[in-house]
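Structure assessment
The lines below spell out each chain.
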Amino acid sequence: MQSQTNETRRSISRFFLAVVLLLALLAWGLVLNVNTGSVDIPAGQVFSLVWDAVRAGAHDLVTREDTLSLVTGASTESKIIFSIRMPRMLLAAILGGALSVAGFLLQTFFRNPIAGPFVLGISSGAKMVVSFVMIFALRYVSRVTSAMMILAAFAGSLLIVGVVLLFSQRVHNMSMLLVIGIMVGYICSAVTDFFITFAKEQDIANLTSWSMGSFSGANWDNVRWAAGICLVSMAAAWLLSKPIGAYALGEGYAQSLGVNIKLFRAMLILLSSLLSACVTAFAGPISFVGIAVPHITRSLLKTSRPALVIPAAYLCGAVFCIFCDLIARTAFAPAELAIGTVTSAFGAPVVIYMMLRRRREQQ
Amino acid sequence: MAYFQTEKLAVGYRGNVLIHDIDIQIEKGKILTLIGPNGAGKSTILRSITRHLAKLGGAVYIESQDIHRWTPKQLARRLAVVLTERIRPELMTCGEVVATGRYPYTNALGRLTEKDRAVVRESLRRVHALELEDQDFSTLSDGQRQRIMLARAICQEPEIIVLDEPTAYLDIRHKIELLDILREMAHEKGITVIMSLHEIDLATKISDYLICVKGDTIAAFGPPEDILAGDAIDKLYDIEHGSYDLLFGSVELGRPVGEPEVFVVAGAGFGADCFRALQKRQTPFAAGVLFDNDVDCRIARELSTRVISAPAFEPMGEEAYRDAAAALVKCRTVIDAGTPVGTLNAVNGRLLALAKEKNIPVYGGWRAWAEKLEEQRHGTRCQPDV
């Protein structure tokens, strides 16, 4: 290790410092999330309930339905904790991380700091197909399952990504491509509005509440699915760290180093759309997390080594979303804010600050 | 078979052949430079050699192996590039930028081993940039950036480095430094260098081989001294107004048109400044009598309307005097560039005497002439319209 430069050592110790800080914040956020709400449950009681649950075999809570009823049957508090707050906050953490990694991958792909699932119209595409399913498919099936919603959102995301990729064959300027993505997003919004014309009142209400984005109504089923998809995608993204690092020098250099550009770009776009589709399916479109958090992470780490940035961005996104959800849930209780409202309020200023600073640096 | 070879290589974009039948053979450790006008296709050829562009025909061989059959990784271990695109990585130190060159050698996660780190440092040392290792790449000057990009290529431990206009944006000192490093790499480590340059003077001095790229095939390929004779450069770049002197590596702008107004008595390099000063003021002039191997003679041939020259190492003869005198008396002004008059060029002394005799003003050096010219122009402007 002696031959490592001071700078490398510094960035690695910075990374561990940041991870410890983020983990502490995450733990704090989790506890806050569990014990605050319409019914305040003291932290001590939360811990003893969790301990009881662990002893009762809650470690397989995520895999077996009957354990859940066993645990939640004990008391009202434990019902609130295990069937409402816990899945919700876990979902917020998982999806928040997913969004920020998706944003990081898209920013790498487009070589543009404002690329993100929301900006690129991926969310709009998902919304279009979800609205189609909600409004029309509901007439033929009794109930829309999470699996259907995920599939709808995923199909919508991939549709947009596919269109953008088609254009990318002809348009080589990444900023241009980004603009095309944004425009395609607008077209999707128009189509969604068109669908809404034929919707019933109830559908409109459902769709509106969906498109505001929210972690409420999360259940263990959602958590299982989201955790599965996001952790696998995130691991895959981390395994791409090496080509991502080379790609930072531009396509030409990456190619000359032996990166299979076509495959790599396909992987980037596939993973980022998988992650953002997953988020959109479970929580609706959530804006600005994907743009703001990777940037915050990089400033925190003061490096852009992807092997360090990807895990840290995931953690940072989880923390960001947990606190945003806490605010959404408690700031104007009993009324609940849409998660998108809170993330925009905190995320947008970060983005503005970032753009201004980049400008300054370039001058 | 030569170490690096192309055979009937055809290059272009989207199936449209731009340049075809490119045949190059060079030995290991040589420097090959592509020269030619803007848009001639130098980059297209280089990008086809590096496989950034699909070739449209023919083949490229390294040690008799067709490089288009290699995997990207195999190619990356033998051939490295320095491209024209300017990279803007965020929050990357120079060390990290250089370390990306280890890509073809590291494991799936890109972990750098002790050896990799040693190579990174060695590469930085080669380009004299060891002290920049921990510095953020975005804070560098153009010259430093280019050196780091070269270190990045060296770090790939290639046998061939391909550089697309590596000296663009660099000032003269950094150009020289960069080319010096390339020369050293080629000489000491046997690295073959293929690049494009805009600076012909530098290209002829650093290269073992030149390729002139013009039109739909390469105009010439060979050692610089063989292919660049006479006005080859003027033809390659279609220079009609102005000229390029290969021996001096100097550029002369277009010669003033019209009948000579000034006669310059020069020689032995005293006249060069004077000729250029006259060109700058667009004053047509004649120069004489100059020995035909004189520096002044070379420049006067590019800039003056009329040059009266005489064979070198012989006393200038009567014929030269008669020609010069005839030209001189038609001029309104004579400038004495200050060339000493001795036995061999005694004729020039007689020319100056003739000017005095004919009452033609003689200026000692071009500055005196230029001052007078300014004065006159100033004077005319002040005169009231009548």
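Before reading on, note that the structure itself is shown above.
Reference entry: report on the structure contained in this document. Everything numeric in this text was worked out from a predicted model, so none of it was measured.

1. Observations concerning the overall build of chain A
Secondary structure assignment for chain A yields 15 helices and 0 strands. For chain A, the proportion of its 363 residues judged to be buried stands at 48%. Excluding contacts between residues fewer than 6 apart, the proportion of contacts in chain A whose partners are at least 24 apart in sequence is 77%.

2. Comments concerning the sheet that holds strand β5 (residues 65-66) of chain B
Residues and elements named next belong to chain B. Ordered in space as β2-β1-β4-β5, the 4 strands form an open sheet in which the pairing is antiparallel. At either end of the open sheet lies a strand with only one pairing partner, and these are β2 (16-26) and β5. Two strands pair when backbone bridges link them, and strand β1 (residues 4-13) and strand β4 (residues 57-62) are joined in this way by 5 bridges, in the antiparallel orientation. Residue pairing across strands places Phe4 opposite Ile62, the latter belonging to β4. Contacts from helix α1 (residues 42-49) reach β1, β2 and β4 within the one sheet, and its direction differs from that of β1 by about 120 degrees.

3. Topic: the nonpolar core
With 182 residues, the main nonpolar core has Leu91(A), Leu95(A), Ala98(A), Val101(A), Ala153(A), Cys278(A) and Val162(B) as its most contacted residues. Top contributing element to this core by residue count: helix α4 (residues 76-110) of chain A, with 19 residues. Residues within four places of Cys278(A) in sequence aside, it is in contact with Ala98(A), Ile150(A), Ala226(A), Ile229(A) and Cys230(A). In terms of nonpolar packing, the next biggest core, distinct from the first, is built from 38 residues, Cys274(B), Ala286(B), Val307(B) and Trp369(B) among them.

4. Thoughts on the interface of chain A and chain B
The interface is formed by 25 residues belonging to chain A together with 29 residues belonging to chain B. Residue composition of the side of chain A that touches chain B, grouped by class: 6 nonpolar, 14 polar and 5 charged.

5. Overview of the pairing of strand β8 (residues 192-196) of chain B
All names here are of chain B. Across the 5 residues that make up β8, a large majority, 5, are buried. Residues Thr192, Ile194 and Ser196 point to one face of β8 and Val193 and Met195 to the other, with burial holding for every one of them. By the bridge criterion, 4 bridges tie strand β3 (residues 31-35) to β8 in an arrangement that is parallel. Note that in β8 the partner of Leu32 across the bridge is Ile194.

What counts, and where the lines are drawn
- Residues numbered from 1 in each chain as written.
- Chains lettered and ligands numbered in written order.
- Predicted model: local features only at pLDDT ≥ 70, side-chain atom pairs only at ≥ 80, totals over all residues.
- Helix = DSSP H or I, 4+ residues; strand = E, 2+ residues; numbered from the N terminus.
- Buried ≥ 20, exposed ≤ 12 C-beta atoms within 10 Å, placed from the backbone.
- Contact = placed C-beta atoms within 7 Å.
- Pairing = 2+ DSSP bridges.
- Axes fitted to C-alpha atoms, helices over the stretch in contact; angles between N-to-C directions.
- Core = buried A, V, L, I, M, F, W, Y, C linked by C-beta atoms within 7 Å.
- Nonpolar A, V, L, I, M, F, W, Y, C, P; charged D, E, K, R; others polar.

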